[in-house]
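Chain and residue survey
Listed below, chain by chain, are the residues.
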Amino acid sequence: MKKIILLFAGLGILTAAAAEIRFADPMIQLKKDFFAGKMTGKNSHAAVAGKQEFPDCWKYYYIASGDKPENFVLQPLNAISPDLPVAKLWNKVILAPSATDKKFEYPAFIDIYFYPKSKMGGAYSFTNPLNKKCKLYLEGNLRREKSVRAFVYIKRADGTIKLLTDDMDSDAWQHQETKLKDRTLVRHYLKLQFEEEFNPGDILVMACTPRDGKFPAKGYIFSISGWGAKWNPVISLETAE
């Protein structure tokens, strides 16, 4: 009898085990859909986990106004057509407020970088693709210019904001140096190591704004990719099976 009880207890443990879904770097699908023309006129594309695709989970914006997550006004940055002469000339992903202009205008997302110009900043988001409660794991690093403010937060389905981190916390900074001949290149990151409840309708947002309204000399404020996979944000969702 004891053996039977132990067997059922073991089955119970297996039944209650959690399933983890790890999502691929969004740049892979962004480039794929942009150059295939599937994103034209849209600011969204699918999130991919293995062979699964979850439509329109990743979205891209410029910050039209606001200086913190509670009052950010996010406006879409839409993919221009890859058939436009300017797209062929640049041969890069280009997202802009208008997808139909023959010449795109700033603010814009180009290649892997957000260029806000006179706007308040840029952002991209990940929407919970599962119709169930789950646990969000956010790891890795968010690359940004040293002179900007970075925010990582969750916007709940009810509109409330939960700030996960910002770069006012110096303990959250991470720097990487690379030697290149006689130069030392430095990139700046915000460390990400979070575990949060993530419910249907919740949105994870990563955003940057120029500090004190002053834009970096390079023109861009942050990027999606870093120097190698370990320097990029990594998202996993865990659900109870």
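Residues numbered from 1 in each chain as written. Predicted model: local features only at pLDDT ≥ 70, side-chain atom pairs only at ≥ 80, totals over all residues. Heavy atoms only, no water.

**Side note on the overall build of the chain**
Short version of the rule: Counting from the N terminus, the helices are DSSP H or I runs at least four residues long and the strands are E runs at least two residues long. Whether a residue is buried, partly exposed or exposed follows from its accessible area with a 1.4 Å probe, protein chains only, as a fraction of its type maximum: under 20%, in between, or over 50%, in that order. In what follows, residue pairs with any heavy atoms lying within 4.5 Å of each other are defined as contacts. In this description, accessible areas are obtained by the Shrake-Rupley approach with a 1.4 Å probe, and a residue is regarded as covered only by the protein chains that are shown.
For the chain, the count of helices and strands is 3 helices and 17 strands. The C-alpha extent of the chain, read off along each of the three principal axes, is 75 × 45 × 40 Å. Here the chain holds 241 residues, and 48% of them are scored as buried. For the chain, contacts bridging at least 24 residues in sequence account for 67% of all contacts bridging at least 6. Here the chain has roughly 12800 Å² of accessible surface; of this, 53% comes from carbon and sulfur atoms.

**Some points on the packing of aromatic side chains**
Where two aromatic rings form a pair, the distance of their centres and the angle of their planes describe that pair. Applied cut-off: A pair of Phe, Tyr and Trp rings is counted when the ring centres sit within 6.5 Å of each other, with Trp represented by its six-membered ring. The angle between the planes then sorts it: under 30 degrees is stacked, over 60 is edge-to-face, the rest tilted. Placement of a charge over a ring requires the Lys NZ or Arg CZ to be within 6 Å of the ring centre, with the centre-to-atom vector within 35 degrees of the ring normal.
Counted according to the given criterion, the structure contains 21 aromatic pairs. Relative to Tyr124, the ring of Tyr60 has its centre 6.2 Å away and its plane inclined at 10 degrees; by these criteria the two rings are stacked. Taken together, the positions of Tyr60 in strand 3 (residues 52-65) and Tyr124 in strand 9 (residues 121-127) put the pair 64 residues apart, joining distant regions of the chain. By relative accessible area, which is 0% here, Tyr60 ends up buried. Connected via pairs of aromatic rings, a cluster forms that spans Phe23, Phe54, Trp58, Tyr60, Phe109, Phe114, Tyr124, Phe126, Phe198 and Phe222. The side chain of Lys117 reaches across the aromatic face of Tyr106, ending 4.8 Å from its centre. Its guanidinium or amino end placed over the ring of Trp173, Arg144 lies 5.7 Å from that ring's centre, counting from NZ or CZ.

**Remarks on the side chain of Arg144**
Among the secondary structure elements, Arg144 is positioned in the loop between strand 10 (134-143) and strand 11 (148-155). Excluding its chain neighbours within four sequence positions, the residues that come into contact with Arg144 are Ala150, Asp167, Trp173, His188, Tyr189, Leu190, Cys208, Ile221 and Phe222.

**Comments concerning the nonpolar core**
Under the convention used in this document: Among buried residues, those of type Ala, Val, Leu, Ile, Met, Phe, Trp, Tyr and Cys that are joined through side-chain atoms within 4.5 Å constitute a nonpolar core.
Formed by 57 residues in total, the largest nonpolar core has its most connected members in Phe126 and Leu204. Per-element accounting of this core gives the leading share, 5 residues, to strand 3. Counting residues in each nonpolar core, the second largest holds 8 residues, with Tyr61, Ala123, Phe151 and Val205 among its members.

**Notes on a nonpolar patch on the surface**
Defined as follows: Each patch is built from residues lacking any salt bridge and having more than 30% relative accessible area; the joining distance is 9 Å for like charges and 5 Å for nonpolar side chains (Val, Leu, Ile, Met, Phe, Trp, Tyr). Between Lys or Arg on one side and Asp or Glu on the other, a salt bridge is scored when a side-chain nitrogen of the former is within 4 Å of a carboxyl oxygen of the latter.
A cluster of nonpolar residues, Leu89, Trp90 and Tyr106, forms a patch on the protein surface that exposes about 330 Å² of accessible area. In this structure, Trp90 sits in helix 3 (residues 85-90).

**Thoughts on the side chain of Asp33**
Secondary-structure assignment places Asp33 in helix 2 (residues 26-35). Those residues in contact with Asp33 that sit more than four places away from it in its chain are Lys38, Met39, His45 and Ala46.

**Some details on the pairing of strand 15 (residues 203-210)**
For clarity, the cut-off: Note: two strands are recorded as paired if DSSP finds a minimum of 2 bridges between them.
Counting buried residues along strand 15, 7 of its 8 residues qualify, which places the element largely inside the surrounding structure. The sheet contact formed by strand 11 and strand 15 spans 8 bridges and is antiparallel. Residue pairing across strands places Val148 opposite Pro210, the latter belonging to strand 15.

**A look at the pairing of strand 12 (residues 161-166)**
With 5 bridges joining them, strand 11 and strand 12 adopt antiparallel strand pairing. Bridge pairing in strand 12 links Phe151 to Asp166. Connecting the antiparallel pair strand 11 and strand 12 is a turn made up of 5 residues, with Gly159 showing a positive phi of about 95 degrees.

**Quick look at the sheet that holds strand 6 (residues 94-96)**
Reading across from one edge, 5-6-7-8-16 is the order of the 5 strands in this open sheet, with antiparallel pairing throughout. The strands lining the two open edges of the sheet, one partner per strand, are strand 5 (78-79) and strand 16 (222-223). Note that strand 6 and strand 7 (residues 108-110) share 2 bridges and pair antiparallel. Residue pairing for strand 7: Ile94 is matched across the bridge by Ile110.

**Re the pattern of salt bridges**
In the structure shown here, the tally under the stated rule is 9 salt bridges. For Asp56, the salt bridge goes to Lys42, with nearest N and O atoms at 2.9 Å. With a gap of 14 residues between them, Asp56 in strand 3 and Lys42 in the loop between helix 2 and strand 2 (44-49) connect regions that are remote in the sequence. For Lys42, a relative accessible area of 32% translates into the label partly exposed. What you see here is one network of salt bridges that share partners, running through Arg144, Arg149, Asp166, Asp167 and Arg211.

Note that every value here comes from positions in space, so none of it alone points to a role or purpose.
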